[in-house]
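# Reading the structure
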Amino acid sequence: AFATFLIIGVWAGAVGAPTPAATTAQVTPAVPAAGDVTLENLKFQHQVLLTLIEKLIIGAAIALFALWTSRLLERYKAREAYISSFTQRHVQQVAEIWKMIYEWESFIEEGKPLDDFDDEQWDLFLDRMEPRIARSQLMAEQLRKAVEANRFWLGLRLYSRFVAYHNLLRPYIAALALRQPKMLNRIKIALDRNKQDIMSVVHANLTR
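## Section: the overall build of the chain
Scanning the chain from terminus to terminus reveals eight helices and zero strands. Start at the N end of the chain and walk to the C end: the helices and strands fall as α-α-α-α-α-α-α-α. Residues classed as buried in the chain amount to 23% of the 208 residues present. Taking as baseline every contact in the chain between residues at least 6 positions apart, the subset at least 24 positions apart corresponds to 73%. Here the chain displays about 14,400 Å² of accessible surface, and carbon together with sulfur accounts for 63% of that area.

Okay, here's the thing in structure tokens:
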């Protein structure tokens with residue numbers, strides 16, 4: 001910009017400087033015409049200067065806008081990458097705990113609908129489950145530790161529901177040990193309801 005102003009100033013001085021012919025003409029009536037030409041030159045120079053300043057301002061504004069949009073895009077990409085990474089880890093931990101739940105249920109119940117048992121079937125079922133009670137207690141404790149270890153990744157809502165599910169396992173195992181079919185049925189209904197609550201929270205988190 002400084003070089004541009006310097007060139008304009010030199011050019012203006014060259015235009016405005018009197019030539020030998022102009023010096024000679026000063027004694028003639030053409031002096032007013034020479035003054036008009038100089039005024040027009042000054043107006044032209046002023047217009048050129050304003051145009052240059054305007055272009056510089058526009059260029060600076062465009063550069064600042066480009067820098068701002070670039071920073072904004074970088075921030076957006078970083079945020080999306082963080083959310084994607086967090087969601088992936090969240091889903092992994094939920095899947096692992098679900099796997100432990102299904103393994104416990106498969107081990108302790110053999111996938112049978114308890115509410116369809118008659119008295120004889122209940123006796124046979126409880127006889128088969130008796131040697132599995134100790135192992136089921138260990139599996140329930142492992143589930144509790146997994147829920148506690150992944151509390152951050154689960155989030156408060158899922159964590160509280162997994163804890164509620166685990167809290168039903170102890171009385172369920174106790175009912176097995178005491179051979180209480182009615183209590184087992186009631187707790188099983190509560191466990192199924194709790195699993196539905198867990199699934200609703202998982203679905204809400206994934207569709208949010």
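## Brief notes about helix 5 (residues 133-149)
Since there are 3.6 residues in each turn of an α-helix, residues three or four apart along the chain are aligned in direction. The terminal C-alpha atoms of helix 5 lie 24 Å apart, and with 17 residues this matches the ideal 24 Å at 1.5 Å per residue to within 8%. Three or more residues of helix 5 are buried, namely I133, S136, M139, A140, L143, A146 and V147. Across the axial projection of helix 5, the buried residues extend over an arc of 135°, all falling on one side. Opposite the buried face of helix 5, at more than 90 degrees from it, the exposed residues are A134, K145 and A149.

## Some words on the pattern of salt bridges
In total, this model carries six salt bridges according to the counting rule given. Here R79 and E80 are joined by a salt bridge, their closest N and O atoms 3.5 Å apart. For the salt bridge of R179 with D127, the shortest nitrogen-to-oxygen distance reads 3.0 Å. Pair noted here: R179 is in the loop between helix 7 (156-178) and helix 8 (181-206) and D127 is in helix 4 (residues 119-129), with a separation of 52 residues, a long-range link. Note on D127: relative accessible area 42%, which makes it partly exposed.

## Re a negative patch on the surface
On the surface, D118, D119, E120 and D123 cluster together into a patch of negative charge. With respect to the helices and strands, D123 occurs in helix 4. Taking the relative accessible area as the measure of exposure, D123 reaches 40% and is therefore partly exposed.

## Focus: helix 7
Taking 1.5 Å of rise per residue, the 23 residues of helix 7 would be expected to cover 33 Å, and the 34 Å separating its terminal C-alpha atoms lies within 8% of that figure. L158, Y159, F162, Y165, H166, L169, Y172, I173, A175 and L176 are the residues of helix 7 that are buried. Looking one or two residues past helix 7, R179 carries a phi angle of roughly 60°, positive in sign.

## A word on the confidence of the model for the chain
As a note on interpretation, predicted positions should not be read in detail where pLDDT is low. Averaged over every residue, the pLDDT of the chain is 79; the share at 70 or more is 78%. Taken as a whole, residues 1-28 scores under 50 in pLDDT and shows 13 contacts with residues more than four places along the chain or in a different chain.

## Some remarks on the environment of R179
Note on R179: relative accessible area 32%, which makes it partly exposed. Placed 56 residues apart in sequence, R179 and D123 show a C-alpha to C-alpha distance of 8.3 Å. Not counting residues within four places of it along the chain, the set of residues in contact with R179 comprises D123, L126, D127 and E130. A distance of 3.0 Å separates the side chain of R179 from the side chain of D127, its partner in a polar contact.

## Structural notes on the side chain of S136
Inspection of the secondary structure puts S136 in helix 5. Residue S136 is classed as buried on the basis of its relative accessible area of 0%. Beyond its immediate stretch of four places on either side in the chain, S136 contacts W104, F107, I108 and I173.

## Topic: the nonpolar core
By size, the foremost hydrophobic cluster in this structure holds 33 residues, and its most contacted members are W104, F162 and L176. Mapped by element, the contributors of at least two residues to this core are helix 3 (31-109), helix 4, helix 5, helix 7 and helix 8. Looking at this core element by element, the count peaks at nine residues for helix 7. Once residues within four sequence positions are removed from consideration, F162 is found in contact with I97, W98, I101, V147, L154 and I198.

Conventions we followed
- Along each chain, the written sequence defines residue order, and numbers are assigned to residues from 1.
- Given that this is a predicted model, residues contribute local features only at a pLDDT of at least 70 and side-chain atom pairs are listed and counted only at 80 or more, while totals for whole chains, interfaces and linings are drawn from all residues.
- Excluding hydrogens and water, the side-chain values take into account all heavy atoms of the structure.
- Per the convention used, a helix needs a DSSP run of H or I reaching at least four residues, while a strand needs a run of E reaching at least two, with both numbered from the N terminus.
- Accessibility here uses a 1.4 Å probe with only protein chains present; expressed as a share of the type maximum, an area under 20% marks a residue as buried, one over 50% as exposed, and anything in between as partly exposed.
- Residues are treated as being in contact if the distance between any of their heavy atoms lies within 4.5 Å.
- Accessibility throughout is a Shrake-Rupley quantity obtained with a 1.4 Å probe, and a residue counts as covered only by protein chains that appear here.
- Here the expected length of a helix is defined as 1.5 Å per residue gap, with one fewer gap than residues.
- It is the directions from the helix axis to the C-beta atoms that the arc portrays.
- Throughout this description, the term salt bridge denotes a Lys or Arg side-chain nitrogen within 4 Å of a carboxyl oxygen of Asp or Glu.
- Residues enter patches when they are more than 30% accessible in relative terms and free of salt bridges; like-charged ones are connected within 9 Å and nonpolar ones (Val, Leu, Ile, Met, Phe, Trp, Tyr) within 5 Å.
- In this tally, Asp and Glu contribute negative charge and Lys and Arg positive charge; neither His nor the terminal groups of the chain are included.
- Throughout, a charge is located at the NZ atom of Lys, the CZ atom of Arg, the CG atom of Asp or the CD atom of Glu.
- Per-residue confidence from the prediction method is given by pLDDT, with values spanning 0 to 100.
- In the analysis that follows, any N or O atom pair within 3.5 Å is treated as a polar contact, provided that within protein one partner can donate a hydrogen and the other can accept it, and provided that, for residues neighboring in sequence, both atoms belong to side chains.
- Residues grouped as a nonpolar core are buried Ala, Val, Leu, Ile, Met, Phe, Trp, Tyr and Cys residues, joined through side-chain atoms within 4.5 Å.

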